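Residue-level listing of the chains:
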Amino acid sequence: MNLLPTATSTDVQELQPRVAVLPVGSFEQHGTYLPLITDTAIACVIAQEIADAYPVHLLPPLTVSCSHEHSAFPGTVSISARTLYAVIDDIRASLARSGIDKLVIVNGHGGNYVLSNVVQEANVDGPAVSLFPLGPDWDRAREYGGLESDRHADMHADMHAGEIETSILLHAAPELVREGYADADHDSGQRPFLLVQGMAEYTQSGVIGFPSLATAEKGKAVLESLRSSFSAHFDLLRRLS
């Protein structure tokens, strides 16, 4: 799969987009069968689905973010929340100077909590930035895709390298999925101190979820649902410009 947009400056000039889309991923462990770039790949897949259906300016991804809870696992690399905030703020300012004053952040990593604050503060003077997908967008996608695991429940939760992430990659980038996901299910139970103790306290494999339930068909349906859900974000930003 190609993680980078290939549009030329002329393409953007002809499209004259009013909304830019920024995929934000991570570089963190995802068990033995998904790569460190999993969250980046998924953010890019979702962003590409959006760009195929809506007149947006698709940006290249941010590939390293706030993965500190995964630091016990080899290969994981993080930046600080303040750095991620500053980079996105700089990107938003650059877009505004070029005439694009609306931004959608497509977040592929649940640990990027600072993105909610980025959006919150950016909209003080009027709607300018949206975060996608939100919880309800994921919930609709899970239902539409027929996923069996639950995003919310402490027991049987599909938090990391589980059914939904594996399904999306099985559909969109199967070459990234290695053998072993069918036997990697791990139910961690409740995780009250995840942010204090990190992932290693709750999983030896790095997995929390049920990848054995993953299928390419589920991944395709999840992406179809997200593409549809994006219309509400897109319409709101355009209407309030």
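In this report, the structure presented in the accompanying data block is examined. Predicted, not measured: the structure shown is a model, and the values here were computed from it.

In this section: the overall build of the protein. A tally of regular secondary structure across the protein gives eight helices and four strands. Mapped from its N terminus to its C terminus, the protein presents α and β elements in the order α-β-α-β-α-β-α-β-α-α-α-α. For the protein, the C-alpha radius of gyration of 18 Å lies close to 18 Å, the compact-globule estimate for 241 residues. Seen along its three principal axes, the alpha-carbon backbone of the protein occupies a region of about 50 × 35 × 30 Å. When contacts within the protein are restricted to residue pairs at least 6 apart in sequence, those whose partners lie at least 24 apart make up 76%. The average position of the 15 basic charges and that of the 30 acidic charges among the side chains of the protein differ by 8 Å.

The subject of this paragraph is the sheet that holds strand 4 (residues 129–132). Ordered by their spatial adjacency, four strands build an open sheet running 2-1-3-4, and the pairing between neighbours is parallel. Each edge of the open sheet carries a strand with a single partner, namely strand 2 (57–58) and strand 4. Where strand 1 (residues 19–24) and strand 2 come together, two bridges link them in parallel fashion. Following the sheet pairing, Val21 is matched in strand 2 by Leu58. Contacts between helix 2 (residues 38–53) and the sheet are confined to strand 1, strand 2, strand 3 (102–107) and strand 4, with strand 1 contributing the most and set at about 160° to the helix. Relative to the sheet, helix 3 (residues 81–97) contacts strand 1, strand 2, strand 3 and strand 4, its axis offset from that of strand 1 by approximately 160°.

Moving on: the environment of Asp187. Residue placement: Asp187 occurs in the loop between helix 6 (163–172) and helix 7 (194–197). Taking C-alpha positions, Asp187 is 34 Å from Pro60, a pair spaced 127 residues apart along the chain. Side-chain polar atoms of Asp187 contact the backbone nitrogen of Gly189, separated by 3.0 Å.

Turning our attention to helix 8 (residues 216–239). Along its 24 residues, helix 8 runs 35 Å from first to last C-alpha, staying within 8% of the 34 Å computed at 1.5 Å per residue. Within helix 8 the residues assigned to the buried category are Lys218, Gly219, Ala221, Val222, Leu223, Ser225, Leu226, Ser229, Phe230, His233, Phe234 and Leu237. Against strand 1, helix 2, strand 3, strand 4, helix 5 (135–145) and helix 6 lie the buried residues of helix 8.

Reading the values: the criteria
- Residues numbered from 1 in each chain as written.
- Predicted model: local features only at pLDDT ≥ 70, side-chain atom pairs only at ≥ 80, totals over all residues.
- Heavy atoms only, no water.
- Helix = DSSP H or I, 4+ residues; strand = E, 2+ residues; numbered from the N terminus.
- Rg over C-alpha atoms; globule rule 2.2 N^0.38 Å.
- Contact = heavy atoms within 4.5 Å.
- Lys, Arg positive; Asp, Glu negative; His and termini not counted.
- Charge placed at Lys NZ, Arg CZ, Asp CG, Glu CD.
- Pairing = 2+ DSSP bridges.
- Axes fitted to C-alpha atoms, helices over the stretch in contact; angles between N-to-C directions.
- Polar contact = N/O pair within 3.5 Å; in protein donor to acceptor, adjacent residues only side chain to side chain.
- Expected span 1.5 Å × (residues − 1).
- Buried < 20%, exposed > 50% of the residue type's maximum accessible area, 1.4 Å probe, protein only.

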